[in-house]
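# Structural overview for review
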Amino acid sequence: MAAIEFEFIAAPELGNKAMNYLLWRRAGPVGPIAIILFPVVLAIAAADPRIRSVAYIAGGAAIMLFVIFLLGVAHRRRIRRHFFESKTDHPVRVSIDDGGMAVNTAAGSSTLPWTAINRIWAGKEVVLIFYHGWRYVAFPTAAVPAEAIEFISAKMKAAKVKL
């Protein structure tokens, strides 16, 4: 089969759209509800002296996870800012063929074999292609041809990868 190729101009908001889609797809409406209710449950647990230590440990773990999340978000923003400030040319070229997927930008290029790709999520605004677990590349949905999504899905089914 001939390679499927497409190109788009990278925009800073693509990263935010990808992260929002990832978080919403993983947690759905339960995520925000859990974040709101967790402090209430901790306060109720801390009121009982017998399980107060458990509440302290859970609260400390939650604060630690929140700090790690904030550090990750700050790191992602730094990388994005560095890319858009250091490069004046922002086209992204993607080529998909029988060997895998290649992504070329002004910052460099990356090739992923089919054995590395785990799943594909196609949303309204963004398509996420996951590799090596939860690492992903994001493309605007409008830029990705329908046959590319079908081809990737077929390659993953052939490799018996979870969709």
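Let us look at the structure shown here. (Residues numbered from 1 in each chain as written. Predicted model: local features only at pLDDT ≥ 70, side-chain atom pairs only at ≥ 80, totals over all residues. Heavy atoms only, no water.)

## Structural notes on the nonpolar core
It is characteristic of soluble globular proteins that their nonpolar side chains tend to be buried jointly. The condition is simple: Buried Ala, Val, Leu, Ile, Met, Phe, Trp, Tyr and Cys residues form a nonpolar core when they are joined through side-chain atoms within 4.5 Å. A simple rule labels every residue: compare its accessible area, found with a 1.4 Å probe on the protein chains alone, to the largest value its type can have, and call it buried under 20%, exposed over 50%, or partly exposed in between. Helix numbering and strand numbering both begin at the N terminus, where a helix is a DSSP run of H or I of at least 4 residues and a strand a DSSP run of E of at least 2. Residue contacts follow a heavy-atom distance rule, with two residues in contact if any of their heavy atoms lie within 4.5 Å.
Among the nonpolar cores identified, the biggest contains 35 residues, and Phe6, Val94, Ile96, Met101, Leu128, Ile129 and Phe139 are the most heavily contacted of them. Contributions of two or more residues to this core are made by strand E1 (4-9), helix H1 (13-27), strand E2 (91-97), strand E3 (100-105), strand E5 (117-122), strand E6 (126-131), strand E7 (135-140) and helix H4 (146-158). If one sorts the elements of this core by residue count, E6 sits on top with six residues. Excluding residues that lie within four positions of it along the chain, Phe6 makes contacts with Val92, Arg93, Val94, Ile96, Phe139, Ala143, Val144, Pro145 and Ala148.

## Some remarks on the sheet that holds E6
Heads up, the condition is: The pairing criterion for strands is at least two bridges between them, as found by DSSP. To obtain each axis, a line is fitted to C-alpha atoms, and for helices this fit is confined to the stretch in contact; angles are then taken between N-to-C directions over 0 to 180 degrees.
Taken in spatial order, the three strands of this open sheet run E5-E6-E7, and their pairing is antiparallel. Bordering the open sheet on either side are E5 and E7, each of which pairs with just one other strand. On average, each strand axis in the sheet is inclined to that of its neighbour by 15°, with strand direction left out of account. One ladder, built from five bridges, connects E5 with E6; its direction is antiparallel. Residue pairing across strands places Ile117 opposite Tyr131, the latter belonging to E6. Against the sheet, H1 makes contact with E5, E6 and E7, and its axis sits at roughly 70° relative to E6, the strand it touches most. Against the sheet, H4 contacts E5 and E6, and its axis sits at roughly 145° relative to E5.

## Quick notes on helix H2 (residues 30-47)
Heads up, the rule is: Here the expected length of a helix is defined as 1.5 Å per residue gap, with one fewer gap than residues. What is called the bend at a residue is the angle between a pair of axes, fitted to the seven residues leading up to and ending at it and to the seven starting from it.
Spanning 18 residues, H2 covers 25 Å between terminal C-alpha atoms, matching the ideal 26 Å at 1.5 Å per step. A maximum bend of about 30° is found in H2 at Leu37, where proline Pro39 lies one to four positions downstream. Buried within H2 we find Gly31, Leu42 and Ala45. Looking at the packing, one finds that the buried side of H2 touches H1 and helix H3 (52-86).

## Things to note about the layout of surface pockets
Leftover empty space is mapped by rolling, across the atoms, a probe with the size of a water molecule. The cut-off we apply is this: Lining residues are defined by having an atom within 4 Å of a point belonging to a cavity or pocket. Those points lie on a 1 Å grid over the protein atoms alone, cavities being sets where a 1.4 Å probe fits but cannot get out and pockets being open sets with protein on both sides within 12 Å along at least five of seven lines. Grid points are joined across faces, edges and corners, and a volume is the space filled by probe spheres set on the points. Residues are sorted three ways: Asp, Glu, Lys and Arg are charged, Ala, Val, Leu, Ile, Met, Phe, Trp, Tyr, Cys and Pro are nonpolar, and all the rest, Gly among them, are polar.
In this structure, the largest pocket spans a volume of roughly 960 Å³. In terms of lining, the largest pocket is formed by 28 residues, of which the most central are Gly15, Ile79, Tyr136, Val137 and Ala138. Mapped onto the lining of the largest pocket, the elements with two or more residues apiece are H1, H3, E3, strand E4 (108-113) and E7. Here the lining of the largest pocket gets six residues from one element, more than from any other, and that element is H3. Among the residues forming the lining of the largest pocket, the class breakdown is 19 nonpolar, six polar and three charged.

## Observations regarding the sheet that holds E3
Strand order across the open sheet formed by four strands is E1-E2-E3-E4, with antiparallel pairing between neighbours. In the strand order of this sheet, the two ends are held by E1 and E4, each with one partner. If you compare each strand with its neighbour and ignore which way they point, the axes differ by 15° on average. Of the strand pairs in this sheet, E3 and E4 are connected by six bridges, and their pairing is antiparallel. Within E4, the position partnered with Asn104 by the bridge is Ser109.

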